[in-house]
Amino acid sequence: MKPIIIPHRSSTFHIAQISDLHLTDTAFDNPTVQNFQAVLALALASQPDLILLTGDLVNDGNSTIYDWLFGQLHQTNIPFFAIAGNHDVTHEIGVHLPFEQRWHLPITADDRLRHCQQLLIGDTTPYWQILLLDSSVLGQEHGHLDAQALAWLDRTLANQHAPAIIVLHHHPVAVGSAWIDALMLDNAHEFWQVIDQHPHAQHIICGHAHQAHTLTAPTRHPCTVLTCPATARQFLPFSDTFCLDAQTSGFRWICLDTTQTLKSYIKRL
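Cut-off values and rules
- Residues numbered from 1 in each chain as written.
- Predicted model: local features only at pLDDT ≥ 70, side-chain atom pairs only at ≥ 80, totals over all residues.
- Heavy atoms only, no water.
- Helix = DSSP H or I, 4+ residues; strand = E, 2+ residues; numbered from the N terminus.
- Polar contact = N/O pair within 3.5 Å; in protein donor to acceptor, adjacent residues only side chain to side chain.
- Contact = heavy atoms within 4.5 Å.
- Core = buried A, V, L, I, M, F, W, Y, C linked by side-chain atoms within 4.5 Å.
- Buried < 20%, exposed > 50% of the residue type's maximum accessible area, 1.4 Å probe, protein only.
- Salt bridge = Lys/Arg side-chain N within 4 Å of Asp/Glu carboxyl O.
- Pairing = 2+ DSSP bridges.
- Phe/Tyr/Trp six-rings, centres within 6.5 Å; stacked < 30°, edge-to-face > 60°.
- Axes fitted to C-alpha atoms, helices over the stretch in contact; angles between N-to-C directions.

Draft legend 1. Representation of the side chain of Gln-72 within the structure. On the secondary structure map, Gln-72 appears in helix 2 (residues 63-74). A polar contact is formed between the side chain of Gln-72 and the side chain of Gln-37, at a distance of 3.4 Å. Setting aside residues no more than four positions away along its own chain, Gln-72 makes contact with Phe-36 and Gln-37.

Spelled out as structure tokens, the structure:
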């Protein structure tokens, strides 16, 4: 795909990262819809320049829910981009059963979800770039980046030296919860080998964890990994088994500036 240029003349650029919606219905009394709409309203109150949705938008790949979701986002008149998570490419059957007894069937990702897409932020010369990757695997919960995606990432970073934010669904470093870390990016070592060659690859943003973390990447140059709360249920941090957290839904607010500095914090309902 050709790079998408997002013209911006201000010295700061604001991003709302919204993740793990797990929409199952579009009825207003559905908790996943109510949570998403409340988080979106909170994000819009801060006037973002861009909205990034980092996967698990729906829970079973229902295309009519994507239609509703993207309709809601179009109404904001703010640029937005979305990538796939594991639930966007997997139909999970037997949700009332223990996880190991459920069936996971592959489904095709909605064609509006982005993969290998470069966004350039700036009016003439870009002062930031954002690289969107699809780490989902059909019918699977873990993540993977194939050789073609890794080659695209390496080539794109080599050709554009603006500071880079790489966006994917699955976390490429452990967050300290054994059960979700078993479902992280399974070829993270190969991913970090690419990132390590490009000192301007400064930040990794992901979803999937349903937790907010700022983590240090295993690179020779400074690089951070930022995870995000879900708009759906929150997972209890540092729990080795599946456990829900009492924290409220939220999103990650990211501020970029022309001095190549990123500041970020979490906003919750």
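Draft legend 2. Structural view of the nonpolar core. Of all hydrophobic cores here, the largest spans 31 residues; its most connected members are Leu-133, Leu-153, Ile-166, Phe-191, Trp-192, Ile-195 and Ile-204. Elements that contribute at least two residues to this core include exactly helix 3 (147-159), strand 9 (164-168), helix 5 (188-195) and strand 10 (201-206). Those residues in contact with Ile-166 that sit more than four places away from it in its chain are Leu-131, Leu-133, Leu-153, Phe-191, Ile-195, Ala-201, His-203, Ile-204 and Ile-205.

Draft legend 3. Inspection of the pattern of salt bridges at higher detail. Applying the stated criterion across every chain yields a total of 4 salt bridges. Salt-bridge contacts for Asp-110 lead to Arg-112; the nearest nitrogen and oxygen are separated by 2.9 Å. Notably, a salt bridge pairs Arg-220 with Asp-196, separated by 2.8 Å at the nearest N-O pair. One end of the pair, Arg-220, is in the loop between strand 11 (214-216) and strand 12 (224-226); the other, Asp-196, is in the loop between helix 5 and strand 10, with 24 residues separating them in the sequence. Connected through salt bridges with shared partners, the residues Asp-67, Asp-110 and Arg-112 form a single ionic network.

Draft legend 4. Representation of the pairing of strand 14 (residues 262-268) within the structure. Summarising the sheet, strand 13 (residues 250-257) and strand 14 pair through 7 bridges and their orientation is antiparallel. For Phe-251, the partnering residue across the bridge sits in strand 14 and is Lys-267. The hairpin turn running from strand 13 into strand 14, its antiparallel successor, is 4 residues long, and Gln-260 in that turn takes a positive phi close to 65 degrees.

Draft legend 5. The packing of aromatic side chains, seen in detail. In this structure the tally under the stated criterion is 8 aromatic pairs. Arranged with centres 5.1 Å apart and planes meeting at 80 degrees, the rings of Trp-179 and Phe-242 form a pair that is edge-to-face. Linking Trp-179 in helix 4 (residues 178-181) with Phe-242 in the loop between strand 12 and strand 13, this pair joins segments that are 63 residues apart in sequence. Phe-242 gets classed as partly exposed once you look at its relative accessible area, which sits at 44%. Measuring from ring centre to ring centre gives 6.4 Å for Phe-251 and Trp-253, while their planes differ by 85 degrees; the resulting arrangement is edge-to-face. Grouping residues by exposure puts Phe-251 and Trp-253 together as buried. An aromatic cluster of at least three residues, connected via ring pairs, comprises Tyr-66, Phe-70 and Phe-80.

Draft legend 6. The arrangement of the environment of Phe-235 in detail. Within the secondary structure, Phe-235 sits in the loop between strand 12 and strand 13. A C-alpha to C-alpha distance of 9.2 Å links Phe-235 and Ser-177, two positions 58 residues apart in sequence. Ignoring any residue separated from it by four or fewer positions in sequence, one finds Phe-235 in contact with Trp-179, Ile-180, His-208, Ala-209, His-210, Gln-211, Phe-242, Cys-243, Leu-244 and Asp-245.

Draft legend 7. Geometry of the sheet that holds strand 10. Pairing within the open sheet is mixed, and its 7 strands lie in the order 1-7-8-9-10-12-11. Two strands close off the open sheet at either side, each with one partner strand: strand 1 (4-6) and strand 11. When the angles between neighbouring strand axes are averaged without regard to direction, this sheet yields 25 degrees. Two elements, strand 9 and strand 10, share 5 bridges in a ladder whose sense is parallel.

Draft legend 8. Broad picture of unusual backbone geometry. Despite not being glycine, Gln-47 has its phi angle at roughly 60 degrees, a positive value. Counting through the fold element by element, Gln-47 comes out in the loop between helix 1 (31-45) and strand 3 (50-54). Residue Gln-47 is classed as exposed on the basis of its relative accessible area, which comes to 64%. Here the phi dihedral of Gln-260 falls at roughly 65 degrees; this positive angle occurs in a residue that is not glycine. Within the fold, Gln-260 resides in the loop between strand 13 and strand 14. Look at Gln-260 and you get partly exposed, because its relative accessible area is 43%.

Draft legend 9. The arrangement of the sheet that holds strand 13 in detail. Ordered by their spatial adjacency, 5 strands build an open sheet running 4-3-2-13-14, and the pairing between neighbours is mixed. This sheet does not close on itself; its edge strands, each paired only once, are strand 4 (80-83) and strand 14. Adjacent strand axes in the sheet meet at a mean angle of 20 degrees when their direction is disregarded. Of the strands in this sheet, strand 3 and strand 4 are in contact with helix 2, which crosses strand 4 at around 155 degrees.

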